[in-house]
Amino acid sequence: MGAVLLAMAIVVSLLVAAHASGTEARHCAGLTARSQARERIVTGHGRDVVVIGDSYSVGLGLRDPRTSWPTQLPGRVHVYGLSGSGFSTGASPCPGVSYAVREPHALGADADLVVVEGGLNDYDQPADAVKAGFRSLARELRGHDVLVVGPTPAPSRLAGARRVDALLRHESARAGVRYLSMIDGHFSYLGDQLHLTASGHTEFGRVVARAVAG
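Just so you know, these numbers come straight off a predicted model, no measurement behind them.

Conventions used here
- Residues numbered from 1 in each chain as written.
- Predicted model: local features only at pLDDT ≥ 70, side-chain atom pairs only at ≥ 80, totals over all residues.
- Heavy atoms only, no water.
- Pairing = 2+ DSSP bridges.
- Helix = DSSP H or I, 4+ residues; strand = E, 2+ residues; numbered from the N terminus.
- Axes fitted to C-alpha atoms, helices over the stretch in contact; angles between N-to-C directions.
- Contact = heavy atoms within 4.5 Å.
- Core = buried A, V, L, I, M, F, W, Y, C linked by side-chain atoms within 4.5 Å.
- Buried < 20%, exposed > 50% of the residue type's maximum accessible area, 1.4 Å probe, protein only.

Visitor: Explanation requested: the sheet that holds strand β5 (residues 178-180) in the structure shown.
Guide: Sheets are built from strands that pair by backbone hydrogen bonding, the pairs being arranged parallel or antiparallel. Pairing is parallel in the open sheet, where five strands are placed in the order β2-β1-β3-β4-β5. Looking along the sheet, the strands with just one partner apiece sit at the ends: β2 (76-81) and β5. The average angle at which neighbouring strand axes cross in this sheet is 20 degrees, direction not considered. In this structure, strand β4 (residues 146-149) lies alongside β5, joined through three bridges in parallel fashion. Of the residues in β5, the one forming a bridge with Leu147 is Arg178. Across the face of the sheet, helix α3 (residues 99-106) comes into contact with β1 (48-53), β2 and β3 (113-117) while running at roughly 155 degrees to β1. Each of β4 and β5 touches helix α5 (residues 158-175); the most contacted strand, β5, lies at about 160 degrees to it.

Visitor: I tried to follow the nonpolar core on my own but got confused; where do I start?
Guide: Most often, soluble globular proteins have nonpolar side chains that are buried together. The biggest cluster of nonpolar side chains holds 26 residues, and the ones touching the most others in it are Leu73, Val115, Phe204 and Val208. Sorting the residues of this core by element identifies β1, β2, β3, β4 and α6 (198-213) as the ones contributing at least two each. With five residues, the single largest contributor to this core is α6. With near-sequence residues (within four places) excluded, Phe204 lies in contact with Tyr56, Trp69, Glu117, Val149, Thr152, Met182, Phe187 and Leu196. Grouped together as the second largest cluster of nonpolar side chains are 21 residues, Val50, Ala111, Leu167 and Leu168 included.

Visitor: Teacher, can you tell me more about the pairing of β3 here?
Guide: Two faces, one strand: in a regular strand the side chains alternate between the faces of the sheet. Within β3, five of the five residues are buried, leaving the element largely enclosed by the surrounding structure. Side-chain alternation along β3 places Leu113, Val115 and Glu117 on one buried face and Val114 and Val116 on a second face that is also buried. Across four bridges, β1 lies against β3 in parallel orientation. Each residue of the ladder has a partner; that of Val51, found in β3, is Val115. As paired strands, β3 and β4 are joined by four bridges and run parallel to one another. Along β4, the bridge assignment pairs Val114 with Val146.

Visitor: Got a minute to help me understand the environment of Val207 in this structure?
Guide: Along the chain, Val207 falls in helix α6. Note on Val207: relative accessible area 17%, which makes it buried. Spatially, the C-alpha atom of Val207 lies 9.0 Å from that of Gly185, the residues being 22 residues apart in sequence. Aside from chain neighbours lying at most four places away, what touches Val207 is Leu180 and Met182.

Structure follows, in structure tokens:
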């Protein structure tokens, strides 16, 4: 009897795991589809600007992804964002979506400037993991004009965002690239107290645009 119950428990566990795996795969596929849709939207004219980022770049929560903050930037802007991704490999449960892994695809387009935005999804990741991901990305971007834009003080992740901001500031200085801290900025958020409203995106984009122009 005990052996039968054990066998049944194992089968149930396997079924639950398979269901969870399938759900996660569908979730990741949805994120990829939204990423690709935003990638097809190229705005502006002039020098080529490549943005590598997370849900902020994609415009998660906005009615129209065309109004996400990168559209505020001067130049011909290409966006390679993926919701939930970050500098560290563990920021997202989806495989192969860290910034360093996605960089070769993003740089498939010529870039006069690369803007790397993020950090909020690294809020709970070990410092060593964030540093390793940043350093790998920095090596791949060597020779490019780079601006790193740190996390906002999103209320739902504020403590982690402050920690990541300090890490990114230090790593940017170490790599010799510009860093724009957003941790003291004032932005409006959606009900989740994480993602930006339309006006929040506008303000965020204006701040980054001023840094790019400067």
